[in-house]
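One-letter residues, chain by chain:
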Amino acid sequence: MSMLRSLFIYLSRQRWLRDAALRVEFARQASHRFVAGETAEQAIQAIQQLNRQNILATVDHLGEDVFTEADARQARDDYLSVLGQIQTSGVKSHVSLKLTQFGLDVDEGLCRELVDSVIDRAAQLDTFVRIDMEGSPHTERTLAVYRDVRKKHTNVGIVLQAYLYRTVDDVRKLVDEGLANIRLCKGAYQELSTIAFPRKADVDANMVKLAQYLLSNTYAYLAMASHDEKMIEATLKWASRYRLPKDCFEFQMLYGIRRDLQQKLAAQGYRMRVYVPYGAEWYPYFMRRLAERPANVWFILRNLLRP
Ligand code: FDA
């Protein structure tokens, strides 16, 4: 892992820096490269624009690492509210959420109860909830909550990260249990080489292997979350080998990243979904995007300093 990537991931977890960044207009402006805005209305507008290009969305009300019950309940209320706005505006969008935002580190039972009520509401509105995957201290508990909520609901899926050694087993188990509605991504957190592939080439190879396995399995659904053209080509290759119709899998990308590729795949008739984050808690999300591509720092500076 490059030094810069490690540095940005380290900085993403520093609360003092987050508090400072949130007060600086310059930083807020920069975050707009990857974040649709601070309000649900701005997120809905961004989704309307995507929908006009035949691109679907999954909306994320930014937030993570909540440490009080009140904040966790607030997260639930915010999601219920954005689900209401999805319904009234008629946009084509799911929601994505993080369990630490729903109090996973406060009380696991409370977290399950709150997430369950969001999935319930989403089911009434005929939409879907994707549970994001966070750093490895949360992997096991996130999977446990997912298995639990899947007992009651089918409109929920999980995220797995190709950089973890354990993911191959997690994928196999979820397929065997009939629970494999999986967004597959490379992984955005800092992990030790004892549990995650340190080399990008190995992460990429694992991602292709996992994608092939999921595509080969009739009862699995793959949401391939990557901007990497090699990953997209591999997905298309295996989908074509297995003669899968275009609606049997989907591509996912992040808001503001590789818009050209998003539009191209949508225009070719593939299911393309964009992750649209919004809210005031943009700092850690923004820093992880810088970690993925430190060149973004210069891109942002250039644009902000342009007369
Ligand atoms: P890679 O990093 O190899 O990048 C390939 C190319 O994509 C780059 O060369 C560049 O062109 C472009 N690119 C990638 N990142 C960029 C950036 N930040 N800015 C500009 N260009 C960029 N992770 C996680 O741990 N848990 C999760 O729940 C999720 N959820 C999630 C949802 C969706 C829809 C996506 C697309 C991604 C995630 N991720 C995630 C993040 C994921 O793990 C990973 O960090 C990023 O997607 C970057 O990896 P790529 O697969 O794009 O490849």
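Placed above this text is the structure.
Below, the structure is looked at part by part. These figures come from a predicted structure and were not determined experimentally.

1. Describing a nonpolar patch on the surface
Then step 1. Together, Leu4, Leu7 and Tyr10 line one region of the surface with nonpolar side chains, adding up to about 300 Å² of accessible area.
Then step 2. When you line up the elements, Leu4 lands in helix H1 (residues 3–12).

2. Thoughts on the sheet that holds strand S4 (residues 156–161)
Then step 1. Strand order in the closed barrel formed by eight strands is S1-S2-S3-S4-S5-S6-S7-S8, with parallel pairing between adjacent strands. Sheet twist, expressed as the mean angle between neighbouring strand axes with direction ignored, is 30°.
Then step 2. Across three bridges, strand S2 (residues 93–97) lies against strand S3 (residues 129–131) in parallel orientation. Each residue of the ladder has a partner; that of Ser96, found in S3, is Arg130.
Then step 3. The sheet strands contacting helix H7 (residues 139–150) are S3, S4 and strand S5 (181–185), and the helix crosses S4 at an angle near 160°.
Then step 4. Here helix H8 (residues 167–176) sits on the sheet and contacts S4 and S5; the angle it forms with S4, its principal contact strand, is near 155°.

3. Side note on the packing of aromatic side chains
Then step 1. The tally for this structure, following the rule as stated, stands at nine aromatic pairs.
Then step 2. Between Phe34 and Phe286, the aromatic rings sit 6.1 Å apart at their centres with planes inclined by 45°, giving tilted as the arrangement. With Phe34 in the loop between helix H3 (25–31) and helix H4 (40–52) and Phe286 in helix H12 (residues 283–292), the pair connects residues that are 252 residues apart, well separated along the chain.
Then step 3. Owing to a relative accessible area of 7%, Phe286 belongs among the buried residues under this scheme.
Then step 4. Arranged with centres 6.2 Å apart and planes meeting at 45°, the rings of Phe249 and Tyr270 form a pair that is tilted. With Phe249 in strand S7 (residues 249–254) and Tyr270 in the loop between helix H11 (259–267) and strand S8 (272–278), the pair connects residues that are 21 residues apart, well separated along the chain.
Then step 5. Relative accessible area serves as the criterion here: at 18%, Tyr270 is assigned to the buried category.
Then step 6. One aromatic cluster in this structure is built from Phe34, Trp282 and Phe286.
Then step 7. Just above the ring of Tyr213 sits the side chain of Arg172; from NZ or CZ to the centre is 5.7 Å.
Then step 8. In this structure, Lys246 is placed above the aromatic ring of Tyr270, and the distance from its NZ or CZ to the ring centre is 4.8 Å.

4. A few points about unusual backbone geometry
Then step 1. In this model, Arg243 sits at a positive phi of 55°, which is unusual for a non-glycine residue.
Then step 2. Checked against the element boundaries, Arg243 lands in the loop between helix H10 (229–241) and S7.
Then step 3. Judged by its relative accessible area of 75%, Arg243 is exposed.
Then step 4. In this model, Arg258 sits at a positive phi of 50°, which is unusual for a non-glycine residue.
Then step 5. Considering the arrangement of structural elements, one finds Arg258 in the loop between S7 and H11.

Parameters and conventions
- Residues numbered from 1 in each chain as written.
- Predicted model: local features only at pLDDT ≥ 70, side-chain atom pairs only at ≥ 80, totals over all residues.
- Heavy atoms only, no water.
- Patch = residues over 30% accessible without salt bridge, like charges linked within 9 Å, V, L, I, M, F, W, Y side chains within 5 Å.
- Areas by Shrake-Rupley, 256 points an atom, 1.4 Å probe, with all protein chains shown as cover.
- Salt bridge = Lys/Arg side-chain N within 4 Å of Asp/Glu carboxyl O.
- Helix = DSSP H or I, 4+ residues; strand = E, 2+ residues; numbered from the N terminus.
- Pairing = 2+ DSSP bridges.
- Axes fitted to C-alpha atoms, helices over the stretch in contact; angles between N-to-C directions.
- Contact = heavy atoms within 4.5 Å.
- Phe/Tyr/Trp six-rings, centres within 6.5 Å; stacked < 30°, edge-to-face > 60°.
- Buried < 20%, exposed > 50% of the residue type's maximum accessible area, 1.4 Å probe, protein only.
- Lys NZ or Arg CZ within 6 Å of the ring centre and 35° of its normal.

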